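Commentary on secondary and tertiary structure
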Amino acid sequence: MKPLLLVLCCLFSVMAAAQDGQEAVKNTIKDFFKSFHAQDSVAMKATVSSTIVLQTVGAKKDGSQYLRTENFDDLVRSITSIPDSVQFEERILDYSIQIDGAMANAWTPYEFWLNNEFHHCGVNSFQLFKEKNTWKIIYLIDTRRREGCQNTSE
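What comes next is a walk through the structure.

The rules we used
Residues numbered from 1 in each chain as written. Predicted model: local features only at pLDDT ≥ 70, side-chain atom pairs only at ≥ 80, totals over all residues. Heavy atoms only, no water. Disulfide = S-S within 2.5 Å. Helix = DSSP H or I, 4+ residues; strand = E, 2+ residues; numbered from the N terminus. Buried < 20%, exposed > 50% of the residue type's maximum accessible area, 1.4 Å probe, protein only. Salt bridge = Lys/Arg side-chain N within 4 Å of Asp/Glu carboxyl O. Arc of directions from axis to C-beta. Polar contact = N/O pair within 3.5 Å; in protein donor to acceptor, adjacent residues only side chain to side chain. Contact = heavy atoms within 4.5 Å.

**Looking at the state of the cysteines**
For the coordinates displayed, the defined rule picks out one disulfide. Two residues, Cys121 and Cys149, share a disulfide whose sulfurs are 2.0 Å apart. Disulfide Cys121 to Cys149: torsion about the S-S bond roughly -80 degrees, handedness left-handed. Taken as a pair, Cys121 in strand 6 (residues 117-131) and Cys149 in the segment after strand 7 (134-143) lie far apart in primary sequence, 28 residues in all. Among the residues examined, Cys121 registers a relative accessible area of 4% and is labelled buried.

If you want it as structure tokens, here you go:
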């Protein structure tokens, strides 16, 4: 009976540690979007690595696909320059997080709303690195589309 109890205790502690790690990754992403929506450049930069890579996958008007690499500082300038009269919100619909040591991946489907109207949807794929007990976003790639979204207002 004691060996079974020991195995169960070890299993539960491993599961709890995995959930804690997933929560920490999720919180980094939530902090990123909290600062994104608040247009807080300092807080946004605090959630990412200084060498972050930022890319977008999308479709051109002719239907062909493109991959665009963006500069993170340009994104920050773009977000912080949005006038107060414009409301924007990226709504994360779900989190699928995987962790191996100091590396994590988070797959987050989302909807983007502009002035309370649905604008587009897609998926973010975050790669994170745990540095000095802090998760930092090192790579972010997203898709953007207007069709095939779960939004009911289409």
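Next comes the rest of the description.
**Side note on the pattern of salt bridges**
Inspection of the entire model under this criterion finds six salt bridges. Linking Glu89 and Arg91 is a salt bridge whose minimum nitrogen-to-oxygen distance equals 3.1 Å. Across the pair Asp142 and Arg144 runs a salt bridge whose closest N-O atoms are separated by 2.7 Å. We classify Arg144 as partly exposed; its relative accessible area is 35%. Here the residues in one salt-bridge network are Arg68, Glu70, Asp142 and Arg144, joined through shared partners.

**Things to note about helix 3 (residues 72-80)**
Looking at helix 3, one finds that the buried residues are Phe72, Leu75, Val76 and Ile79. Seen along its axis, helix 3 keeps its buried residues to an arc of 100 degrees; they face one direction. Its side-chain oxygen 2.7 Å from the backbone nitrogen of Asp73, Asn71 forms the N-cap of helix 3.

**Topic: the side chain of Thr28**
Summarising the element assignment, Thr28 is placed in helix 1 (residues 2-38). If we skip the residues at most four places from it in the chain, Thr28 touches Thr47, Leu128, Trp135 and Ile137.

**Thoughts on unusual backbone geometry**
Even without being glycine, Asn116 reaches a positive phi, approximately 60 degrees. Tracing the sequence through the fold places Asn116 in the loop between strand 5 (103-114) and strand 6. Taking the relative accessible area as the measure of exposure, Asn116 reaches 57% and is therefore exposed. Not every positive phi belongs to a glycine, and Asn133 is a case in point at roughly 65 degrees. Inspection of the secondary structure puts Asn133 in the loop between strand 6 and strand 7. The exposure class of Asn133 is exposed, given its relative accessible area of 71%.

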